[in-house]
Amino acid sequence: MDTSLTRRDALKGLFSAGTIALVQPASALPQDSPILLSANPVELTITTVSPHTARITIRPIEDGAAVPLPVDGALVTEQSEKQPAFRIRSLSGPSTFQCGTLHVSVSDRPLTIRIERPDPKSTNSAERELIQQLILDGPSPTLRFRTGDSPLLGMGQGGPQFDRRGSADHMISGQGGYHLDTHGARVPIQLLLSTAGWGMYIHQPLGSFDLSGNEGILIPASGASLPLDFFVIGAREPAEILKEYAKITGFAEMPPLWSLGYQQSYRTLGTPEEIMQEAKTFREKQLPCDVMIYLGTGFCPNGWNTDNGEFTWNPRTFPDPSATLKQLHDEHFKVALHIVVEAEHLTGTVSDPCTASPLPTGRTPDHHWPPSRQVSCYWPAHKPLADLGVDGWWPDQGDDLDASSRLARNRMYFEGQQLYRPNQRVYALHRNAYAGMQRYAAFLWSGDVLSKWETLKTHVPNAINTGLSGIPYWGTDIGGFIPTQEYTGELYARWFQFAAFCPLFRSHGRDWRLHRPWGWNTGDLGFPETANYHPAEQELHNPAIEPVCRKYLELCYRLMPYLYSAVKETCETGLPIIRAMWLHYPDDPVATARGDQYLYGRDMLVAPVVEKTATSRTLYLPHGTWYDFWTNEKHDGGREITRAVDLNTLPLYVRAGAILPMAPLRQYTAEKVAGPLVFTIYPGADGNFSLYEDDGESFNFHHGEFMRIQLKWQNSSRQLSMQLSPGSKMLPPQVEAKIKVAGSPSNAPVKSIVFNGTSQSVTL
């Protein structure tokens, strides 16, 4: 792209109040009347990222050259290499620059940057709406910016919830970030999203945010405000804002299908026979499950390895790991292992040459962790495990890693496993991450939280903000990690229901026998790990919990076509799977302000029950018509309703116009079962659905090996049409489906169709 300026380009829109800025191509940078911050000259560049997004960078000038930006890996290559349209080192007065649909105004003393867009409420095309204003001033320049009057969302996992305004957040990564017990570990992402229709991603510097006043303040962690690098997104549609952020830091990669199934995690292990019996119990009880996850020794007395950070199998639990892995695979379980690395820096990629001195995989002989590691030197320790058939990884710890090191770790597991299995998707469940992690199909869980009702309640808005921050594959430890006296079968059941509508569906925690679907009716607490936790005897003989877990396990697996299609949409658009209602109802102020419920994909509304002994749940239905998923009762939206609940019931609603696919029940995602798909149409509005399918395990979909069926419902004619999307292909076998209409009499006929790639329609 040619970014040089002609004289006509420079004069068009570059003047305000009759004063022309000294703006030139890089070959003719002006040196007089410099822009100064803390008495030091700086260079300001403006880059048009897209018609809706402007990138503004301010860097100190040393020896006549602008100081390079630090490279942290967060930006996709395209953004890193895009050349600025304008370079400015001096201003003779306020000046305005055109950046797509955005107007960027710059003035000095103090340095003020205003970003405006055409005002949609005005018939005068010259009228503009201010969406952001940043001011840098003071001896050590402080960045101040507008927060606005509307909810401010995003900013990563954890921290104050739901609306970030009114809070102060140190943005410290890890378990020590902010109220771990209830809010979870902090994964700070400096993406601010306003429901007024703008977004801002501050790439550099990293720091803490004070949003308690009338304006926001970024306080750099390093004490230095420069270099400053930020992106302002001025799109009005919420979905467009998230797509713009995905263009900056990358779109998500597809995970393996099995990673979306249920995952059972184990702590202190018993004998090899007991380990296999746990897996067999799932199959005997016909409780769907895809993954077995094993903790390492050190965090428990008897884990899969000899010590934390080591890659040697523990002979007490896995005397013949190859044989045990084969047995687990024969039972159709994937196996993921807990891996620990503590360091401050993790550098490079798996493809770099290893030049470091030999380091231990775990601690040094004096029980310390090496402060720095090269990825290319550390990753090969994983190869013997991969060669044995280990399917996935659980990279724990790493709170002390800096931002670029956290991302290097996310990247290491994605690219490293492909060295050994080049065309196989990767599963890694991380505790720490950074902007851009989604490019590596990285999963994230919320850390070592307490088993409390308040924790469950807080994790609903936490889920929403995490998804809005470009982190789509997220979940929690079902039941909470550390038991308190609040940890009962009821809390576990309610948490399990919530987790069934999270992309990461995993049960894990201390006193692990109570983290199994059947664990509350055995009378056995198991190996005691929490000294002050003493559940009542009757709690260990509660027959009501396993049926609840079964119900939501089966529902999750039957809804897998809906979830997998939503995952593909995430990878193509940047929209999360767990969605703030703002994303689809931006003109409904009540919906945009609610953080206690969410949309699961486009069509389902989930309202988790988070109150002890609740018999009802009050929730808000956005504008439109909605159906109770369980009863098909129809409700008008734009109002609150109160739904009666018992322990079996998580309120679920489906919008009118939705076409909801459900599959036959499976015990694991790859199981071949007979029976048709069932498409339930929720009438009252036109609608469509894009059903996506591929092999679930390879990257062949990047080369056209996928099937996408477009379904369209015309409400007035009650006609459903199906056609194969351009660019996709019909995957064998042909698709057999039954079509139902929600709310129809129980004796209404059900239409059956067979789709073989030829467009067809059916009237209902």
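As the structure is a computational prediction, the values presented were derived from the model and not from experiment. (Residues numbered from 1 in each chain as written. Predicted model: local features only at pLDDT ≥ 70, side-chain atom pairs only at ≥ 80, totals over all residues. Heavy atoms only, no water.)

Student: Give me the lowdown on the state of the cysteines, citing residues and values where you can.
Tutor: Across all of its chains, the model carries one disulfide by this definition. The disulfide partner of Cys-354 is Cys-377, and the gap between their sulfur atoms is 2.0 Å. Taking the sign of the torsion about the S-S bond as the criterion, the disulfide between Cys-354 and Cys-377, at about 110 degrees, is right-handed. With Cys-354 in the loop between strand E24 (345-347) and strand E25 (372-374) and Cys-377 in helix H7 (residues 375-378), this residue pair connects regions lying 23 residues apart in the sequence. Look at Cys-377 and you get partly exposed, because its relative accessible area is 27%. (Disulfide = S-S within 2.5 Å. Helix = DSSP H or I, 4+ residues; strand = E, 2+ residues; numbered from the N terminus. Buried < 20%, exposed > 50% of the residue type's maximum accessible area, 1.4 Å probe, protein only.)

Student: So what's going on with the sheet that holds strand E34 (residues 604-606)? Which residues, and what values?
Tutor: Taken in spatial order, the six strands line up as E32-E33-E34-E39-E36-E37 in an open sheet, and their pairing is antiparallel. Among the strands making up the open sheet, the edge pair consists of strand E32 (578-579) and strand E37 (634-636). Relative to strand E33 (residues 598-600), E32 runs antiparallel, the two being bridged by two bridges. Residue Arg-579 lies in a different strand from E33, and its bridge partner there is Leu-599. (Pairing = 2+ DSSP bridges.)

Student: Break down the packing of helix H10 (residues 453-468) against helix H11 (residues 489-499) for me, with residues and values.
Tutor: Packing of H10 against H11 leaves a shortest axis separation of 10 Å and a crossing angle of 10 degrees. The angle between H10 and H11 falls in the class roughly parallel. From H10, Trp-453, Thr-455, Leu-456, His-459, Val-460 and Ala-463 reach across to H11, where they touch Glu-490, Leu-491, Arg-494, Trp-495 and Phe-498. Taken together, the residues of the contact of H10 with H11 sort by class into seven nonpolar, two polar and two charged. (Axes fitted to C-alpha atoms, helices over the stretch in contact; angles between N-to-C directions. Parallel < 35°, antiparallel > 145°, perpendicular 65-115°, else oblique. Contact = heavy atoms within 4.5 Å. Nonpolar A, V, L, I, M, F, W, Y, C, P; charged D, E, K, R; others polar.)

Student: So what's going on with helix H9 (residues 403-420)? Which residues, and what values?
Tutor: Over its 18 residues, H9 runs 27 Å from end to end, which matches the ideal 26 Å to within 8%, given 1.5 Å per residue. The largest bend in H9 comes to about 25 degrees, at Met-412. Within the span of H9, buried status applies to Ala-403, Ser-405, Arg-406, Leu-407, Ala-408, Arg-409, Asn-410, Met-412, Tyr-413, Phe-414, Gly-416 and Gln-417. If you follow the buried residues of H9, they end up packed against strand E23 (334-340), E24, H7, strand E26 (392-396) and strand E27 (429-430). (Expected span 1.5 Å × (residues − 1). Bend = angle between axes of the 7 residues up to and from the residue.)

Student: Could you give an account of the sheet that holds strand E40 (residues 659-662), with specific residues and numbers?
Tutor: Judged by pairing direction, the sheet is mixed, and its four strands sit side by side in the order E40-E41-E45-E46 without closing on themselves. Edge positions in the sheet fall to E40 and strand E46 (751-755), since each has one partner strand and no second. Strand-to-strand, the axes of this sheet are offset by a mean angle of 25 degrees, without reference to chain direction. Bridge count for strand E41 (residues 677-681) against strand E45 (residues 735-741) is five bridges, and the pairing is parallel. Opposite Ile-681, over in E45, you have Val-741 as the bridge partner.

So yeah, pure geometry; function would need other evidence.
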